[in-house]
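# Report on the structure
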Amino acid sequence: MVKGAACLYTQEYFQAVKAHLNKGGLVTQWVPLYESDAEVVKSEIATFFEVFPNGTLWTNSDNGGGYDVLLMGGNDPITIDAAALQARLDKSPLLAGILKDVQLNTADDILRTYGGRAADLQAWTASGQINHDANLRLQYLAGLANTNTLATQIQSEILGYRRFPADLLKVSPEERQVLETAWFGKH
């Protein structure tokens, strides 16, 4: 977490965001793994998932190591159709160009970044203290961890809980095999 940003990771903040989402709307929250520690990250993720119990987590790596994650949630369960996502990329050269800059050229590339969801990560986040506006302890914890280089370790811990989300991702059997191979090394 960046110094001074603790108020963006509180239950009250996420509740305010949720209350302002349009039907079908989604919110995303950036969570840095670098210059952090597991206690801080667990707290941030647990707080988000407390408000968005159907939320998901998406990873971002730096040369194969952990870097940061993106949380995504809404008022309703999320479903992602790989074919519809690819069609959207194909119809929007601007979007495709932006994503190409970060090596996300296809729907499969995007789906490979899936890191889990609230139900998968419940055991990992169980010790994460829920953040509140009245207790910005996260601000101090994050400051204490700002010299840590634990991002890859934290990401590995998170990914250890990932399961294939058959009800979340609408993919062909071939795409499922590609994703499972990428995530779990299965053939």
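Since we're looking at a predicted model, the values are computed, not measured.

## Overview of the environment of Leu-169
- Position of Leu-169 among the secondary structure elements: in strand E6 (residues 169–170).
- For Leu-169 and Leu-85, which are 84 residues apart along the polypeptide, the C-alpha to C-alpha distance reads 11 Å.

## Here's the deal with helix H6 (residues 118–125)
- Of the positions making up H6, those classed as buried are Ala-118, Asp-120, Leu-121, Trp-124 and Thr-125. The arc that holds every buried residue of H6, seen down its axis, measures 145 degrees, which confines them to one face. In H6, the exposed positions angled more than 90 degrees off the buried face are occupied by Ala-119, Gln-122 and Ala-123.

## Some remarks on the side chain of Lys-42
- Following the sequence through the fold, Lys-42 ends up in helix H2 (residues 38–51).
- There is no salt bridge for the buried Lys-42, and the closest opposite charge comes from Glu-157, which lies 5.0 Å off by N-O distance.

## A word on the pattern of salt bridges
- This model, assessed by the stated rule, comprises four salt bridges.
- One salt bridge connects Lys-170 with Asp-81, and the closest N-O pair in it is separated by 3.4 Å. Of the two residues, Lys-170 is situated in strand E6 and Asp-81 in strand E4 (residues 80–81); the sequence distance between them amounts to 89 residues.
- Asp-81 gets classed as partly exposed once you look at its relative accessible area, which sits at 25%.
- The salt bridge partner of Arg-117 is Asp-167, with a shortest N-O separation of 2.7 Å. With a gap of 50 residues between them, Arg-117 in strand E5 (residues 114–117) and Asp-167 in the loop between helix H8 (151–159) and E6 connect regions that are remote in the sequence.

Analysis parameters
Residues numbered from 1 in each chain as written. Predicted model: local features only at pLDDT ≥ 70, side-chain atom pairs only at ≥ 80, totals over all residues. Heavy atoms only, no water. Helix = DSSP H or I, 4+ residues; strand = E, 2+ residues; numbered from the N terminus. Buried < 20%, exposed > 50% of the residue type's maximum accessible area, 1.4 Å probe, protein only. Arc of directions from axis to C-beta. Lys, Arg positive; Asp, Glu negative; His and termini not counted. Salt bridge = Lys/Arg side-chain N within 4 Å of Asp/Glu carboxyl O.

Shape is all these values report; function is a separate question.
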